[in-house]
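# Close look at the chain arrangement
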Amino acid sequence: MLQATGISKSYNKLEILKGVDIHVSTGEIVTITGPSGAGKSTLLHIIGTLDKADKGEVLINKISINKLSSKRLSIFRNQYIGFIFQFHHLLPEFTALENVCIPAFIAGKNEKQAGVRALELLKMLGLEHRAQHKPSELSGGEQQRVAIARALINQPAVVMADEPSGNLDTANAQSLHELFFELREKTGQTFIIVTHNEDLAQMADRKILMRDGKIVTE
Ligand code: ADP
Ligand code: ADP
């Protein structure tokens, strides 16, 4: 479902990614691990269409994202890719439910359609009773789960996560990891996860190790 070939990226003449190839199949759960500064986040941003490579091609569902206009790209991204970051970037002035609905509104769903689905997701994540709360009224783990519901609302074909459990305690981290596997069983979604968490890397179908801007083992 995802094929990236020959991805190179430099910042200030420093080569951060040195011709990376990565292929991920539908329904796979893949982790990307490696030391800090190896280029993991940069690679995730590029295959997630948030950033452009200097060289190389990214195909998602056989669509060459290099060729999409920026308007088409943002529509594509909103529908195909769900992002989970360590810092959740919830909008503070909106409730948990409203935050979860935002990508669905962007995709053209009305308030009722989006609301029903958002509530289902919050329920699945054990947060139904928090739906009307603002982010500041929620714990860190709850905020993270709201962000996960938001990432999932458009049923993206692929979920990309950058240190999703980095700010969670062991119990919350474990239940988040289990959720990824449950979702994959239910929906066949694909997960690409940058993580330092050894438990998660061990559970994954495939573990990609990066070092100095290259993939060293799979
Ligand atoms: P990792 O996720 O493996 O820790 P990153 O992809 O975040 O690695 O970063 C790799 C290197 O690229 C780091 O040295 C980082 O400072 C640099 N870098 C990442 N993004 C930028 C940017 N937008 N501008 C300049 N340097 C960047
Ligand atoms: P992570 O903690 O997941 O590795 P970072 O904190 O490295 O992520 O990066 C967060 C954002 O900051 C990314 O969009 C990355 O491109 C950007 N960034 C990282 N390092 C630099 C840098 N040295 N200069 C400018 N932007 C950077």
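Computed from a prediction, not measured in an experiment: that's the story for all the values here.

Here we come to the sheet that holds strand E8 (residues 190–194). Read from one edge to the other, the open sheet built from six strands follows the order E6-E7-E8-E3-E9-E10, with strand pairing classed as mixed. Every other strand in the sheet has two partners, leaving strand E6 (81–85) and strand E10 (214–217) as the edge strands with one partner each. Pairwise comparison of adjacent strand axes, ignoring direction, gives a mean angle of 25° for this sheet. Relative to strand E9 (residues 206–211), strand E3 (residues 29–33) runs parallel, the two sharing four bridges. If you follow threonine 33 over to E9, its bridge partner there is leucine 209. Against the sheet, helix H6 (residues 170–187) makes contact with E3, E6 and E8, and its axis sits at roughly 160° relative to E8, the strand it touches most.

Let us look at the packing of aromatic side chains. According to the stated counting rule, one finds three aromatic pairs in the structure shown. Residues phenylalanine 180 and phenylalanine 191 carry aromatic rings whose centres are separated by 5.2 Å and whose planes lie at 40° to one another, so their mutual orientation is tilted. Taken together, the residues phenylalanine 180 in helix H6 and phenylalanine 191 in strand E8 connect sequence positions eleven residues apart. Phenylalanine 180 sits in the buried class, given a relative accessible area of 1%.

As a further point, take the site of ligand 1. Surrounding ligand 1, one finds Tyr11, Ile16, Pro35, Ser36, Gly37, Ala38, Gly39, Lys40, Ser41 and Thr42. Here an oxygen atom of ligand 1 and a backbone polar atom of serine 41 are 2.8 Å apart. Threonine 42 is positioned with one of its side-chain polar atoms (N or O) 2.5 Å from an oxygen atom of ligand 1. Relative to its free-state accessible area of 560 Å², ligand 1 is covered by the protein chains to the extent of 59%. Here the element with the most residues in the shell around ligand 1 is helix H1 (residues 40–47); it accounts for three residues.

Moving on: the packing of helix H3 (residues 96–106) against helix H5 (residues 140–152). Running from N to C, H3 and H5 cross one another at 30°; their axes reach a closest spacing of 7 Å. Classified by the angle between their axes, H3 and H5 sit roughly parallel to one another. When you trace H3 past H5, the crossing you get is right-handed. Contact with H3, carried on its side by Ala96, Asn99, Val100 and Pro103, involves Val146, Ala149 and Arg150 of H5 and no other residues of that element.

All right, on to the side chain of serine 64 then. Relative to the helices and strands, serine 64 resides in strand E5 (residues 63–64). Within the structure, the side chain of serine 64 is placed 3.1 Å from the side chain of glutamate 57, a separation counted as a polar contact.

Rules used in this analysis
- Residues numbered from 1 in each chain as written.
- Chains lettered and ligands numbered in written order.
- Predicted model: local features only at pLDDT ≥ 70, side-chain atom pairs only at ≥ 80, totals over all residues.
- Heavy atoms only, no water.
- Pairing = 2+ DSSP bridges.
- Helix = DSSP H or I, 4+ residues; strand = E, 2+ residues; numbered from the N terminus.
- Axes fitted to C-alpha atoms, helices over the stretch in contact; angles between N-to-C directions.
- Contact = heavy atoms within 4.5 Å.
- Phe/Tyr/Trp six-rings, centres within 6.5 Å; stacked < 30°, edge-to-face > 60°.
- Buried < 20%, exposed > 50% of the residue type's maximum accessible area, 1.4 Å probe, protein only.
- Near = heavy atom within 4 Å.
- Polar contact = N/O pair within 3.5 Å; in protein donor to acceptor, adjacent residues only side chain to side chain.
- Areas by Shrake-Rupley, 256 points an atom, 1.4 Å probe, with all protein chains shown as cover.
- Parallel < 35°, antiparallel > 145°, perpendicular 65-115°, else oblique.
- Left-handed = near helix turned anticlockwise from the far one by under 90°.

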